[in-house]
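# Summary of structural features
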Amino acid sequence: KALETLQRCGVVQLQGAYDLKSLDRFQQAFDQLRSKDKAYKKLLDQKQLHDGRYQVYLPFTKPFSSRETIGVSDLVLEVL
């Protein structure tokens, strides 16, 4: 069913796909990155998106580069 939803809508929510401790580590690291104003602004992009949306290019370091954080798990791979 998840694959069908992904193909139909382009997005799917997978319950239990993320380890909550990993997400907490990510949030802590992101908050720390965001507190470093100059470094954060270099990673912030507000030009390519519209309607007040923005994106942040995360550094390819842990925890941002870990398989768990980017959503690579057996559950996600089953859908893909």
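Residues numbered from 1 in each chain as written. Predicted model: local features only at pLDDT ≥ 70, side-chain atom pairs only at ≥ 80, totals over all residues. Heavy atoms only, no water.

Let's shift gears to the pattern of salt bridges. Counted under the stated rule, the structure contains 1 salt bridge. Measuring nitrogen to oxygen at the nearest pair gives 3.4 Å for the salt bridge that ties D37 to K41. Taken together, the residues span about one helical turn, with D37 and K41 both in helix 3 (residues 37-43) at a distance of 4 residues. (Salt bridge = Lys/Arg side-chain N within 4 Å of Asp/Glu carboxyl O. Helix = DSSP H or I, 4+ residues; strand = E, 2+ residues; numbered from the N terminus.)

One finds A29, F30, L33, Y40 and F64 forming the largest nonpolar core, which totals 5 residues. The dominant element in this core, judged by the number of residues it contributes, is helix 2 (residues 20-35), at 3 residues. Those residues in contact with L33 that sit more than four places away from it in its chain are Y40, L43, L58, P59 and F64. (Core = buried A, V, L, I, M, F, W, Y, C linked by side-chain atoms within 4.5 Å. Buried < 20%, exposed > 50% of the residue type's maximum accessible area, 1.4 Å probe, protein only. Contact = heavy atoms within 4.5 Å.)

As for its position among the elements, S22 is in helix 2. At 3.1 Å, the side chain of S22 and the side chain of R25 are in polar contact. (Polar contact = N/O pair within 3.5 Å; in protein donor to acceptor, adjacent residues only side chain to side chain.)

Another point: helix 2. Along its 16 residues, helix 2 runs 22 Å from first to last C-alpha, staying within 8% of the 22 Å computed at 1.5 Å per residue. Every buried residue of helix 2 is accounted for by S22, A29, F30 and L33. All buried residues of helix 2 project into a common sector of 100° when viewed along the axis, lining one side. Projecting away from the buried face of helix 2 at angles above 90 degrees are the exposed residues L20, K21, Q28 and S35. As for helix 2, its buried residues are in contact with helix 3 and strand 2 (55-56). (Expected span 1.5 Å × (residues − 1). Arc of directions from axis to C-beta.)

In this section: the side chain of S66. In this fold, S66 is placed in the loop between strand 2 and helix 4 (74-79). For S66, a relative accessible area of 18% gives the class buried. From its side chain, S66 meets the backbone oxygen of P63 in a polar contact 3.2 Å long.

On to the environment of Y54. With respect to the helices, strands and loops of the structure, Y54 is situated in the loop between strand 1 (44-45) and strand 2. A residue is classified by how much of its surface remains accessible, and Y54, at 42% relative accessible area, is partly exposed. Considering only alpha carbons, one finds Y54 and L44, 10 residues apart in sequence, at a separation of 7.2 Å. Discounting chain neighbours no more than four positions away, the residues touching Y54 are R34, Y40, L44, D45, Q46 and L49.

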